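One letter stands for each residue in the lines below.
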Amino acid sequence: MLSKSDALPAPAPEKPKGNGPAAGWQSHVDLRLVALLGVLGVLAAIGAITKPDQFLDVDNVRLILVQSSAIGVVTIGMTLVIIGGGIDLSVGAIVALASVWATTQATQDYGLGGMLFCAVAVGIGCGLVNGVLIAYGKLVPFIATLAMLASARGFAEQMSDGGTQIVEVQAVLDLMAADNRILGVPPLVLIFLGVAALGWVVLNRTTFGRRTVAVGGNPEAARLAGIDVKRQRLLLYVLSGLCCGIAAFMLIALSGSGQNTNGNLYELDAIAAAIIGGTLLSGGRGTIIGSVLGVLVFTTITNLFALNNVQSAVQDIAKGAIIVAAVLIQHQTSRKSSTQ
Amino acid sequence: MAPTSDTPPAPATPLLTMTGITKSFPGVRALDGVDLDVEAGEVHCLLGQNGAGKSTLIKVLAGAHQPDEGTIVWQGAQTELKSPVAAMRLGIATIYQELDLVMHVSVAENVFLGHERSSGGFIKPREAHSAAQDLLARLGHPEISASTIVGNLSAAGQQVVSMARALSHDVKLIVMDEPSAALDPDEVDNLFRIVADLTAQGVAVIYISHRLEEIRRIGDRVTVLKDGRAVSRGLPAQSTSTNEIVTLMTGRNVAHVFPERPEAPGAGKEPVLTLEGLTRKGEFAPVDLEVAPGEIVGLAGLVGSGRSEILETVFGARKPTAGRVLVGGRQLRPGSVTAAVKAGVGLAPEERKAQALLMTESVSRNVSISSLPRFSTGGWLDRSGERSATREAVRDLSLRPDNPDALIRTLSGGNQQKAVLARWLLRECRVLLLDEPTRGVDVGARAELYALIRRLADEGVAVLLVSSELPEVLGLADRVLVLREGRVVHTAPARDLDEHRVLDLVMEGTS
């Protein structure tokens, strides 16, 4: 492992040396992140060459970040679930239901606070149902969340009658007003960064995070080490639901409306971003930073293609190819490290 | 070696002759020049303690392991069993203890798995069905339908399917690894009838069992293995005395170094672990037991005697059907590992990699995983506190390397086991349950582990130990419970027992 990182040309962000014996392991993680940063760099270079005026424009960079924010928040929750050995297929549907519920006339009467509360509560509620079914009802995560996907989306359509619910609360609309910046950054991006930072802290600095990794890596060993595996699983789905609620609110602010098509295919994008970021689909390994970079890679590609007027069908094909490439690279690295 | 295929087979040519078979694994010489000969139509019994080399030998015979040295002569011709398929082609079938059936598909599909009845790539289900049904009838089980899903059959039924699969090839030798272990007495009778039928048709059977009475009933000859060698070849199964067989199996030459035993550990102390009529239906009959701090109690018995099941039930990983477990006088919530760990019980499970270790993580994280609340306030981890505590534990148990950040999978088996012990040491547990603590640990590291276990006991931990290696139980424990088929048949101080006596107890059930 050490020799591999030594052999690498050093575009790595400076890491304090002397991290002691942990350096071998750390450098392994860094390698993936460096690779992702490299991909982002290549994409930026392509953008700078093909559309020099538009791509590197501050507004465009800001746009990429704003477009990453809602799906980014969902991806943080998804990353934790996958590291814990699960999968959540229902994230997109929960986002839809939460955004519809939070924009009903009755909810809008309570203003921004009421809408935020409603979105988050719906997200947590759906996550709770997922978690109880999986942890205590012993349903396979794939099945339980697939069921939630279908019913939450159906419920959202029923509630909105398939229409678009326009937001009339000014405070919510102001969040995305063109000149609304905090330190030059749109509020939605700050929310994304905040959630990502919290996710990182939870994963790396808390007992909850440590247990998540253990449960995902070897559930039997975790159980026999005295960890309450069921509770851990339940809480992970609740967390994912919470992230969906937050993302739903962000989408409402972004579009100024709530509709049952919000968050369409978010489950695929979030899973793909997590996997590109180095999260092992079988659980036990993954990083928040990797997932954030994974989301940025995806959004940047979409942006590049849009600037160059490439059809969205081609974009989807490219996304598929990138997922395959990322997973193949992961196989290579994990095989190398396991033979050492 | 010159091929011997041109020598005309004499009428008395054995079906199979294995000579000087040697097989080494890293750190272990599993087979050290084993000789075995089997004649057509006989039931040849293979006996030996755990670790004597029986499993390795039958895996060589099944083509699953390649021997380092030695020759195999099959029907007078020297041969090599390069793969399981090669062995199967020659007519050698192996029925493992863990049946290798596909549970979700039908009997017929299982019987013809890998050599499906087909033409042009299309399977012929009807032909397979009737052929499988014929085989089942030949085995005396026409009542099993070839279209039944295998998972719905009893253990005995599944075994019949395994045998039907063996017979679906043109089989001349069937190896059965403890086939009676999972069967009820009347099912065993049927098994014996099948074995008798097969041998009458000229098929040879290699039969592995620990039950001497079975060997007397159906065996023709007995070969005893000890420490990777055949210590006797082809003894008559009916007339050789039990005493002689047991003597051949015991008295191994590997020296085990055990720590000195204290005079009367735990005397006069309140028991920390108490089992009151602990029962699991179908696994073990009521067990009553008290273990005092400082005492090591061993459970001796064969695989399937209920020893590991008792440990796991104490730990809450299995739910008892009756009875209770008390730690320090307080009853544990049945079937809850979390409750057991909270009360100060720790388990070093049998399958270290699958059940104890987080293989992708560092030693430090593996050690601290059960003690996280100790290093956290409000869920926030004190990582430097964690690291210094695990570093201390790693030094204390002299793990090698003594680096808590090393990945656990880079450690040897003995050091991984130390890491598991360190986990419970850090947790300050009062009761330590050890299931096969030295499995996969080389001889040198064993002595160290033994000393460590005794040290933990001396520091006031109550230890309950399970091991399939009798010398280990007898050398390490203060008191031994002998189990036979889920029942405690004898309890005595370890110093009053020897291997011979315990083997008598577990094999015959009489004292």
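Cut-off values and rules
Residues numbered from 1 in each chain as written. Chains lettered and ligands numbered in written order. Predicted model: local features only at pLDDT ≥ 70, side-chain atom pairs only at ≥ 80, totals over all residues. Heavy atoms only, no water. Helix = DSSP H or I, 4+ residues; strand = E, 2+ residues; numbered from the N terminus. Rg over C-alpha atoms; globule rule 2.2 N^0.38 Å. Buried < 20%, exposed > 50% of the residue type's maximum accessible area, 1.4 Å probe, protein only. Contact = heavy atoms within 4.5 Å. Buried area = accessible area lost by both parts, 1.4 Å probe. Salt bridge = Lys/Arg side-chain N within 4 Å of Asp/Glu carboxyl O. UniProt positions renumbered as here; feature names shortened; annotations may be inferred. 1 Å grid on protein atoms, 1.4 Å probe; cavity = no way out; pocket = protein on both sides within 12 Å on 5 of 7 lines; lining within 4 Å. Points joined across faces, edges and corners; volume = space filled by probe spheres on them. Nonpolar A, V, L, I, M, F, W, Y, C, P; charged D, E, K, R; others polar. Domains from an automatic or database assignment. Polar contact = N/O pair within 3.5 Å; in protein donor to acceptor, adjacent residues only side chain to side chain. Axes fitted to C-alpha atoms, helices over the stretch in contact; angles between N-to-C directions. Parallel < 35°, antiparallel > 145°, perpendicular 65-115°, else oblique. Left-handed = near helix turned anticlockwise from the far one by under 90°. Patch = residues over 30% accessible without salt bridge, like charges linked within 9 Å, V, L, I, M, F, W, Y side chains within 5 Å. Areas by Shrake-Rupley, 256 points an atom, 1.4 Å probe, with all protein chains shown as cover. Arc of directions from axis to C-beta. Expected span 1.5 Å × (residues − 1). Pairing = 2+ DSSP bridges.

J.: In this structure, what is going on with the overall build of chain B? I would like to understand it.
T.: Helix and strand content of chain B: 17 helices and 24 strands. Relative to the globule expectation of 24 Å for 511 residues, the C-alpha radius of gyration of chain B, 25 Å, shows essentially globular dimensions. By principal-axis analysis of the C-alpha atoms, chain B measures approximately 75 × 50 × 45 Å. The 511 residues of chain B split such that 54% are buried.

J.: In this structure, what is going on with the interface of chain A and chain B? I would like to understand it.
T.: Accessible area lost upon the coming together of the parts serves often as the stated size of an interface. At the interface, 25 residues of chain A touch 33 residues of chain B. Summed over both partners, the interface of chain A with chain B comes to about 2500 Å²; 56% of that surface belongs to carbon and sulfur atoms. The three residues of chain A that bury the most area against chain B are R205(A), R210(A) and L224(A), which together make up 30% of that side's buried surface. Here chain A and chain B share one salt bridge between them. Between R210(A) and E386(B) there is a salt bridge, with its nearest N and O atoms 2.5 Å apart.

J.: Please explain the UniProt feature "transmembrane region" (unreviewed entry) in chain A as it appears in this structure.
T.: Residues and elements named next belong to chain A. As recorded in UniProt, the sites labelled "transmembrane region" (unreviewed entry) are residues 31-49, 70-98, 110-132, 182-203, 234-253 and 288-307. Along residues 110-132 the backbone is 96% helical and 0% strand, and the end-to-end C-alpha distance reaches 30 Å. In residues 182-203, the share of helix is 77% and the share of strand is 0%. The end C-alpha atoms are 27 Å apart.

J.: Explain the side chain of D405(B) to me, please; I cannot follow it from the model alone.
T.: Here D405(B) shows up in the loop between α13 (383-396) and α14 (413-426). Residue D405(B) is classed as buried on the basis of its relative accessible area of 13%.

J.: Would you explain empty space enclosed by the protein in this entry?
T.: The rolling of a water-molecule-sized probe over the atoms marks out the regions of remaining empty space. Residue and element names in this part refer to chain B. Inspection of every chain in the model, using the stated rule, returns five cavities of 30 Å³ or more. In this structure, the largest cavity spans a volume of roughly 130 Å³. Every residue lining the largest cavity is counted, 15 residues in all, and those nearest its centre are G301, L302, S468, L470 and L503. Ranked by residues supplied to the lining of the largest cavity, first place goes to helix α17 (residues 499-508) with three residues. When its residues are assigned to classes, the lining of the largest cavity shows eight nonpolar, six polar and one charged. Summarising the domain contributions, the lining of the largest cavity has at least three residues from each of domain 1 (1-90 + 209-253) and domain 2 (257-344 + 429-511). Considered as a void within the structure, the second largest cavity measures approximately 80 Å³ in volume.

J.: Would you take a moment to explain the domain arrangement of chain B for this structure?
T.: Residues and elements named next belong to chain B. Domains assigned within chain B are domain 1 (1-90 + 209-253), domain 2 (257-344 + 429-511) and domain 3 (364-428). The C-alpha centroid of domain 3 is placed 25 Å from the C-alpha centroid of domain 2. With 18 residues of domain 2 at the interface, the matching set in domain 3 holds 13 residues. Carbon and sulfur atoms supply 64% of the area buried between domain 2 and domain 3, which totals about 1200 Å² over both sides. Sorting the residues of domain 2 by area buried against domain 3 places C429, E448 and L452 first, and these three jointly supply 35% of that buried surface. At the boundary of domain 2 with domain 3, the tally comes to three salt bridges. In this structure, the salt-bridge partner of E448 is K418, at a minimum N-O distance of 2.7 Å. At the boundary of domain 2 and domain 3, one finds seven residue pairs in polar contact (both at pLDDT 80 or more). Of all elements in the fold, only α10 (337-342), β21 (431-435) and α15 (443-458) reach the threshold of two or more residues within the side of domain 2 that touches domain 3. For the side of domain 2 that touches domain 3, the element with the most residues is α15, which contributes six residues. Taken together, the residues of the side of domain 2 that touches domain 3 sort by class into 11 nonpolar, one polar and six charged.

J.: Could you clarify how one ought to interpret the packing of helix α14 (residues 266-276) of chain A against helix α15 (residues 288-307) of chain A in this entry?
T.: A pair of packed helices is characterised by two quantities: the angle between their axes and the separation of those axes. Residues and elements named next belong to chain A. Running from N to C, α14 and α15 point in directions that differ by 120 degrees, and their axes come no closer than 7 Å. By the angle between their directions, the pair α14 and α15 is classed as oblique. Handedness of the crossing formed by α14 with α15: right-handed. Contacts from D269, A272, A273, A274 and I276 in α14 reach G290, S291, G294, V295 and F298 in α15. Along the lines of polarity and charge, the residues of the contact of α14 with α15 split into six nonpolar, three polar and one charged.

J.: Just checking my understanding: could you explain a nonpolar patch on the surface for this structure?
T.: Residues and elements named next belong to chain A. Together, V129, L133, L139, V140, F142, I143 and L146 make up a nonpolar patch on the protein surface, roughly 580 Å² of accessible area in all. Residue assignment for the nonpolar patch shows that the elements contributing at least two residues are α7 (111-136) and α8 (141-160). Take the nonpolar patch: its biggest share by element is three residues, from α8. Along the chain, the position of L146 falls in helix α8. By relative accessible area, which is 39% here, L146 ends up partly exposed.

J.: Which parts of the structure should I look at to understand helix α8 (residues 242-249) of chain B?
T.: Owing to its 3.6 residues per turn, the α-helix aligns residues three or four sequence positions apart on the same side. All names here are of chain B. For α8, the full list of buried residues reads T242, I245, V246, L248 and M249. Looking down the long axis of α8, one finds its buried residues gathered within 160 degrees of arc, a one-sided arrangement. Regarding α8, its N-cap is S241, as a side-chain oxygen of that residue lies 3.1 Å from the backbone nitrogen of E244 further along.

J.: What is the right way to read α14(B) from this model?
T.: For α14(B), spanning 14 residues, the distance from its first C-alpha to its last is 20 Å, which sits close to the expected 20 Å at 1.5 Å a residue. One or two steps after α14(B), the chain reaches E428(B), where phi turns positive at roughly 55 degrees.

J.: So what exactly am I meant to see when it comes to the packing of helix α4 (residues 58-83) of chain A against helix α13 (residues 229-255) of chain A here?
T.: Residue and element names in this part refer to chain A. Where α4 contacts α13, the axes come no closer than 8 Å and their chain directions differ by 175 degrees. On the basis of their axis angle, the class for α4 and α13 is roughly antiparallel. Across the interface between the two elements, V66, S69, A70, V73, V74, G77, M78, L80 and V81 of α4 pack against L236, Y237, L239, S240, C243, C244, I246, A247, M250, L251 and L254 of α13. Within the contact of α4 with α13, the residues separate by chemical class into 17 nonpolar, three polar and no charged.

J.: Help me out: how do you make sense of the sheet that holds strand β22 (residues 462-466) of chain B in this one?
T.: Two orientations exist for strands paired in a sheet by backbone hydrogen bonds: parallel and antiparallel. All names here are of chain B. The sheet built from six strands is open, its strands ordered β18-β21-β22-β15-β23-β24 with mixed pairing. What marks the edges here is a single partner per strand, and that holds for β18 (345-348) and β24 (487-493). Between one strand axis and the next, the sheet turns by 15 degrees as a mean value, whatever way the strands run. In this structure, β18 lies alongside β21, joined through four bridges in parallel fashion. Along β21, the bridge assignment pairs G346 with L432. The sheet contacts of helix α9 (residues 307-314) involve β15 (296-300), β18, β21, β22 and β23 (479-484), and relative to β21 the element is tilted by about 150 degrees.

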